[in-house]
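Residues per chain, in single letters:
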Amino acid sequence: MKIEDIGAISNDLSFTSQVVVVGAGPAGIVMALELSNHGFDVVLIESGKRKFDAGLQELSAAAHWDRDLHAPLPLAVRRQIGGTSSIWGGRCVPYDPIDFRERPYVETSPWPVTYEEMRAYFQRACDWFVCGRPIFNAAQIPNLPKSIVPGLVDGGVTASDLERWSLPTDFGTTYAKDLENRPRLRIFSGVTATKILCKEESDTAEGIEGRTLGGGKVVFTAARVVIACGGLESTRLLLDSPGPRGGALGGESGHLGKWYMAHLEGTLAKVQFVTDPKLTIFGYERDIDGTYIRRRFGFTEEFQLKYRLPNITGWITNPELADASHSSGELSFAYLALASKLGPMFAPDAQRLSLTGVNIPGTPYGHSPISSKKEHVKNLAKNFIPTAKFMASFGARRLLARKRRMPGFFVRSEDNVYPLQYHGEHLPNAESCVSLSREQDQLGRRKLDIRLRFTEQDIDGVVRAHRHWDDHFRSLGIGRLIYPNGDPFEIVKDRSGGGFHQIGTTRMAENPSDGVVDGNLAVHGVKNLHVVSSSTFVTSGQANSTFMIVAFAVRLADHLRGLPR
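Bear in mind that the values here come from a model prediction, so they are computed numbers and not experimental data.

**Student:** Please explain the overall build of the chain as it appears in this structure.
**Tutor:** When helices and strands are tallied, the chain shows 16 helices and 18 strands. Against the compact-globule benchmark of 24 Å for 565 residues, the chain has a radius of gyration of 23 Å, which places it among compact chains. Overall size of the chain, expressed as C-alpha extent along the three principal axes, is 70 × 50 × 45 Å. For the chain, the residues scored as buried account for 60% of the 565 residues in total.

This is the structure we're talking about:
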């Protein structure tokens, strides 16, 4: 059935189904397709439309946030069919076993699910992302070179962990035909869920009330309600819906809106290898299925526990594009392309702006000087032939590839010095939270107040991780880290921010007093209301959230299939 855009309606409508899913991002699309494929009558509702709509996007804006710490929400999320996957880079990384275990230096309640239980869903998640097999270690893939540089072997520090890359998969585009051709699936765009309907003193939800910008009210009645509208929008909807026993729906434990986590991401140091520069694996590789993969530095679980480290990873990357002192024609060409009027064609706004020198919290770039365009043109002139070769090669693999496109590019350093980008765990902290403001959006919904907080423990973990990487490289005689002038702690602190990965504000817990949803993602006390979102995660780990969100969506779909209809 074709997607039905009802955003302009001004009258009241009502629909009935077995399941209503709120949000057509990766989690919502997976839920809708999995359930409709197994005989459920499903309604999927989405606030946005097929294509980006700036007016609807503004419905995501928060009322208040710390502009030095948190990215503007309209830059961080996307309201449209496909959700934020339409601006997602495609990196697929699962959580690690240590993320699910209790650690004496991490304040949190236990996960009600285990890593082993979730690992059983990794292959199906990979299938949805079209990112190959669930193998995330280079040692398990035949014919790959053994290490990033000669002599670099795993110890407490690891260099064999992998990230995988999707096609990249914009779920709205990749699964458009599936969404339109499922006979038991109806999709409504242009309607924003404004309230979860639940009778007083009841243990069940009745459905969803939605509003359109045209002024219409739409009620979706269903036996099962699945909230899949993102890390903060899911929380906002619960906060703005009355619970059956008073207060916000899901808020009885006092944890709703608390434990807001992002990630710590940036560049603190450069790594200088003393090995042959021609043997450094600095870019993307392809595995036996043709999937793009990339290596990462990390730590074993035992090492993290011994040194009380947060879960953190790192990889070598390019110098910042905006600073022409890199002397690279390829990087200057990329900068000029992104900074041009055609820039929006090449990258999402947040990525494009940060790569061209704008400091946006939650992105790793925008901290170096911005050189004049003349300086970048000089780099092009000095390196015309290699730049032309790069343009032809990358263009063919990125723009002309019929199926699997190269995710990006990296430039070899002739002196074997590379920035070391880190991506680290944000530890749970009850003071980091979101709540409802008095300020309202165009539909009369209360906007969010956002209070994102990083602690000294978060910052210190990043700094100590770098010291351990440095010690490991030096002990093997393969290289060392080079730090900029200044206190490393203050550098990390000044560059910390978030907003793109929204974790923890409806966290799961076995005991209702410890969280908002249970191990099957049902809101405690409301048995037929489920939340599938990174907001349910207990810890943030080193991984971006997208892969695990889909793994949990597949698991929830299996769970609902086993329940009475």
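**Student:** Is there a simple way to explain the pairing of strand β9 (residues 217-227) in this structure?
**Tutor:** One face of the sheet, then the other: side chains in a regular strand alternate in exactly this way. Pairing of strand β2 (residues 13-22) with β9 involves 9 bridges; the strand directions are parallel. Considered in β9, the bridge of Val22 is made with Ile227. Between strand β8 (residues 205-211) and the antiparallel strand that follows it, β9, lie 5 residues; Gly215 among them carries a positive phi value of about 100°. Where β9 and strand β18 (residues 529-531) come together, 3 bridges link them in parallel fashion. Paired with Val225 across the strands is Leu529, a residue of β18.

**Student:** What should I look at first to understand the packing of helix α1 (residues 26-37) against helix α16 (residues 546-561) in this one?
**Tutor:** When two helices pack together, their arrangement is captured by the angle between the axes and the distance separating the axes. Remark: α1 packs on α16, axes separated minimally by 9 Å, with the N-to-C direction vectors making an angle of 30°. When the interaxial angle is binned, α1 and α16 end up roughly parallel. As α1 packs across α16, the resulting crossing turns out to be right-handed. The segment α1 lies against α16, with Pro26, Ala27, Val30, Met31, Glu34 and Leu35 engaging Ile549, Val550, Ala553, Val554, Leu556, Ala557, Leu560 and Arg561. Class assignment of the residues belonging to the contact of α1 with α16 gives a composition of 12 nonpolar, no polar and 2 charged.

**Student:** Sorry if this is basic, but what is going on with the packing of aromatic side chains here?
**Tutor:** One pair of aromatic rings is described through two measures. These are the centre distance and the angle between the planes. As enumerated under the stated definition, the model contains 29 aromatic pairs in all. Judged by centre distance (6.1 Å) and plane angle (80°), the rings of Tyr95 and Trp111 are edge-to-face. Highlighted residues: Tyr95 in the loop between β4 (91-92) and α4 (115-119) and Trp111 in the loop between β4 and α4, separated in sequence by 16 residues. Taken individually, Tyr95 and Trp111 each receive the classification buried, so the pair is uniform in this respect. Aromatic side chains Tyr115 and Phe122 sit 5.9 Å apart centroid to centroid with 75° between the ring planes, which places their arrangement in the edge-to-face category. When its relative accessible area of 15% is taken as the criterion, Tyr115 is described as buried. The cationic tip of Arg294 hangs over the ring face of Tyr284; the distance from NZ or CZ to the ring centre is 6.0 Å. Here the guanidinium or amino end of Arg294 rests over the ring plane of Phe410, the centre of that ring lying 3.7 Å away.

**Student:** I tried to follow the state of the cysteines on my own but got confused; where do I start?
**Tutor:** Each disulfide is one covalent bond, formed between the sulfur atoms of two cysteines. Summed over all chains, the structure comprises 0 disulfides. Free cysteine: Cys92, not disulfide-bonded; nearest cysteine sulfur from Cys131 at 4.0 Å. In this model Cys126 remains outside any disulfide bridge; the closest cysteine sulfur is found in Cys131, 3.6 Å from its own. On the basis of relative accessibility, which here comes to 1%, the residue Cys126 falls in the buried class.

**Student:** In this structure, what is going on with the pairing of strand β5 (residues 157-165)? I would like to understand it.
**Tutor:** Burial within β5 is extensive, with 8 of its 9 residues counted as buried. As paired elements, β5 and strand β12 (residues 292-299) share 6 bridges and run antiparallel to each other. Its bridge partner lying in β12, Leu162 is registered against Arg295.

**Student:** Help me understand unusual backbone geometry in this model?
**Tutor:** Most peptide bonds take the trans configuration, and most residues that are not glycine carry a negative phi. Phi angles above zero are rare outside glycine, and Val130 is one such case at about 55°. For Val130, the position within the fold is in the loop between α5 (122-129) and β5. Relative accessible area serves as the criterion here: at 27%, Val130 is assigned to the partly exposed category.

**Student:** It is not clear to me how the nonpolar core should be interpreted in this structure. Could you clarify?
**Tutor:** Counting residues in hydrophobic clusters, the biggest one holds 150 residues, and the most contacted among them are Met31, Ile208, Phe220, Phe297 and Leu529. In terms of residue count, α16 provides more of this core than any other element does, 11 residues in total. Core analysis: the second largest hydrophobic core is formed by 6 residues, Ile141, Leu144, Leu162 and Ile293 among them.

**Student:** Would you mind going over the pattern of salt bridges with me for this structure?
**Tutor:** Between side chains of opposite charge, a pair can form as their charged atoms come close. Throughout the structure, instances matching the rule amount to 30 salt bridges. With a closest N to O distance of 3.2 Å, Arg79 and Glu233 form a salt bridge. In this pair, Arg79 sits in the loop between α3 (73-76) and β4 while Glu233 sits in helix α8 (residues 233-239), placing the two residues 154 residues apart along the sequence. The residues Arg79 and Glu233 share a single accessibility class, namely buried. Its salt-bridge partner being Glu206, residue Lys199 comes within 3.7 Å of it at the nearest N-O pair. On the basis of relative accessible area, Lys199 is assigned to the exposed category, the value being 52%. On the accessibility criterion, Glu206 (33% relative accessible area) is partly exposed. One salt-bridge network, held together by shared partners, links Arg79, Glu233, Arg236, Asp441 and Arg445.

**Student:** How should α16 be read in this particular structure?
**Tutor:** Along an α-helix, residues three or four positions apart point the same way, because every turn accommodates 3.6 residues. Counted at 1.5 Å a residue, the expected span for α16 with its 16 residues is 22 Å, and the 23 Å between its end C-alpha atoms agrees. The buried count for α16 comes to 13 of 16 residues, which makes it a mostly enclosed element.

What counts and how
- Residues numbered from 1 in each chain as written.
- Predicted model: local features only at pLDDT ≥ 70, side-chain atom pairs only at ≥ 80, totals over all residues.
- Heavy atoms only, no water.
- Helix = DSSP H or I, 4+ residues; strand = E, 2+ residues; numbered from the N terminus.
- Rg over C-alpha atoms; globule rule 2.2 N^0.38 Å.
- Buried < 20%, exposed > 50% of the residue type's maximum accessible area, 1.4 Å probe, protein only.
- Pairing = 2+ DSSP bridges.
- Axes fitted to C-alpha atoms, helices over the stretch in contact; angles between N-to-C directions.
- Parallel < 35°, antiparallel > 145°, perpendicular 65-115°, else oblique.
- Left-handed = near helix turned anticlockwise from the far one by under 90°.
- Contact = heavy atoms within 4.5 Å.
- Nonpolar A, V, L, I, M, F, W, Y, C, P; charged D, E, K, R; others polar.
- Phe/Tyr/Trp six-rings, centres within 6.5 Å; stacked < 30°, edge-to-face > 60°.
- Lys NZ or Arg CZ within 6 Å of the ring centre and 35° of its normal.
- Disulfide = S-S within 2.5 Å.
- Core = buried A, V, L, I, M, F, W, Y, C linked by side-chain atoms within 4.5 Å.
- Salt bridge = Lys/Arg side-chain N within 4 Å of Asp/Glu carboxyl O.
- Expected span 1.5 Å × (residues − 1).

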